[in-house]
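Structural overview
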Amino acid sequence: MKDYKKYYSIPATPEEIYMAITNPITIELWTGEVAQMSTEPGTEFSMWDGSIVGKNLEFEPNKKVVQQWYFEGQSDNSIVTIKLHADKNGTSAELRHTNIPDDDYNDIVEGWNDSYFGGLIDFFEGA
């Protein structure tokens, strides 16, 4: 199991980013895929047509999202925490993803950089 932590600079306010990652309609705008999402702790979510599924654990509006991501055959909880901090360029997003299975690590890191945060950055740069 591995952990991943990284900061991303996104040219939008924390409020805009929070909406983009918690509202299923907005998620569809920047991913191009149908998403199931709710800000109700304990609900399950699905993104990228089921490629990413898990459970929503905690929300702090415009500041923090905590989710459990499911990996087949994994007994340890894989926890994703995204914290949003306003900065001079818009938002500094702090990502921490724990207990990533070794076999999935490179794909997950690539997904965070290219699809998830890369998609958000491209979306807001083009806005």
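Structure: see above.
Because the structure is predicted, anything quoted here is derived from the model rather than measured. (Residues numbered from 1 in each chain as written. Predicted model: local features only at pLDDT ≥ 70, side-chain atom pairs only at ≥ 80, totals over all residues. Heavy atoms only, no water.)

**Brief notes about the nonpolar core**
- Residues Met47, Trp112, Tyr116 and Phe117 are the most contacted members of the largest nonpolar core, which totals 35 residues.
- In this view, tyrosine 116 contacts Ile21, Trp30, Met47, Trp48, Ile82 and Gly111; residues no more than four positions away in its chain are not counted. (Core = buried A, V, L, I, M, F, W, Y, C linked by side-chain atoms within 4.5 Å. Buried < 20%, exposed > 50% of the residue type's maximum accessible area, 1.4 Å probe, protein only. Contact = heavy atoms within 4.5 Å.)

**Regarding the packing of helix 1 (residues 14–22) against helix 2 (residues 24–31)**
- Interhelical geometry of helix 1 versus helix 2 gives an angle of 90 degrees and a closest axis separation of 5 Å. The angle between helix 1 and helix 2 falls in the class roughly perpendicular. Between helix 1 and helix 2, the residues in contact are Met19, Ala20, Ile21 and Thr22 and Pro24, Thr26, Ile27 and Trp30, respectively.
- Looking at the contact of helix 1 with helix 2, its residues break down into six nonpolar, two polar and no charged. (Axes fitted to C-alpha atoms, helices over the stretch in contact; angles between N-to-C directions. Helix = DSSP H or I, 4+ residues; strand = E, 2+ residues; numbered from the N terminus. Parallel < 35°, antiparallel > 145°, perpendicular 65-115°, else oblique. Nonpolar A, V, L, I, M, F, W, Y, C, P; charged D, E, K, R; others polar.)

**Some words on the pairing of strand 3 (residues 52–60)**
- In this structure, strand 2 (residues 44–47) lies alongside strand 3, joined through four bridges in antiparallel fashion. Across the sheet, methionine 47 pairs through a bridge with isoleucine 52, a residue of strand 3.
- The hairpin formed by strand 2 and strand 3 contains four residues between the paired strands, and tryptophan 48 there has a positive phi angle of roughly 50 degrees.
- Between strand 3 and strand 4 (residues 64–69), which pair antiparallel and follow one another directly, the connecting turn spans three residues, one of which, asparagine 62, has a positive phi of 65 degrees. (Pairing = 2+ DSSP bridges.)

**Here we look at the layout of surface pockets**
- Considered as a void within the structure, the largest pocket measures approximately 180 Å³ in volume.
- Taken together, 13 residues form the lining of the largest pocket, with Ser51, Ile52, Trp69, Ile108 and Gly111 sitting closest to its centre.
- Breaking the lining of the largest pocket down by element, the ones donating at least two residues are strand 3 and helix 3 (105–125).
- A per-element tally of the lining of the largest pocket places helix 3 first, with six residues. (1 Å grid on protein atoms, 1.4 Å probe; cavity = no way out; pocket = protein on both sides within 12 Å on 5 of 7 lines; lining within 4 Å. Points joined across faces, edges and corners; volume = space filled by probe spheres on them.)

**So, helix 3**
- Helix length check: helix 3 (21 residues) gives 28 Å between terminal C-alpha atoms against 30 Å at 1.5 Å per residue, within 8%.
- Remark: the principal bend of helix 3, roughly 45 degrees, maps to glycine 118.
- Of the residues making up helix 3, those classed as buried are Tyr105, Ile108, Val109, Trp112, Tyr116, Phe117, Gly118, Gly119, Leu120, Ile121 and Phe124. (Expected span 1.5 Å × (residues − 1). Bend = angle between axes of the 7 residues up to and from the residue.)

**A short note on unusual backbone geometry**
- Positive phi, close to 50 degrees, is recorded for tryptophan 48, a residue that is not glycine.
- Looking at where tryptophan 48 falls in the secondary structure, it is placed in the loop between strand 2 and strand 3.
- On the accessibility criterion, tryptophan 48 (17% relative accessible area) is buried.
- In this structure, asparagine 62 is a non-glycine residue whose phi angle is positive, near 65 degrees.
- Tracing the chain through its elements places asparagine 62 in the loop between strand 3 and strand 4.
- On the accessibility criterion, asparagine 62 (28% relative accessible area) is partly exposed.

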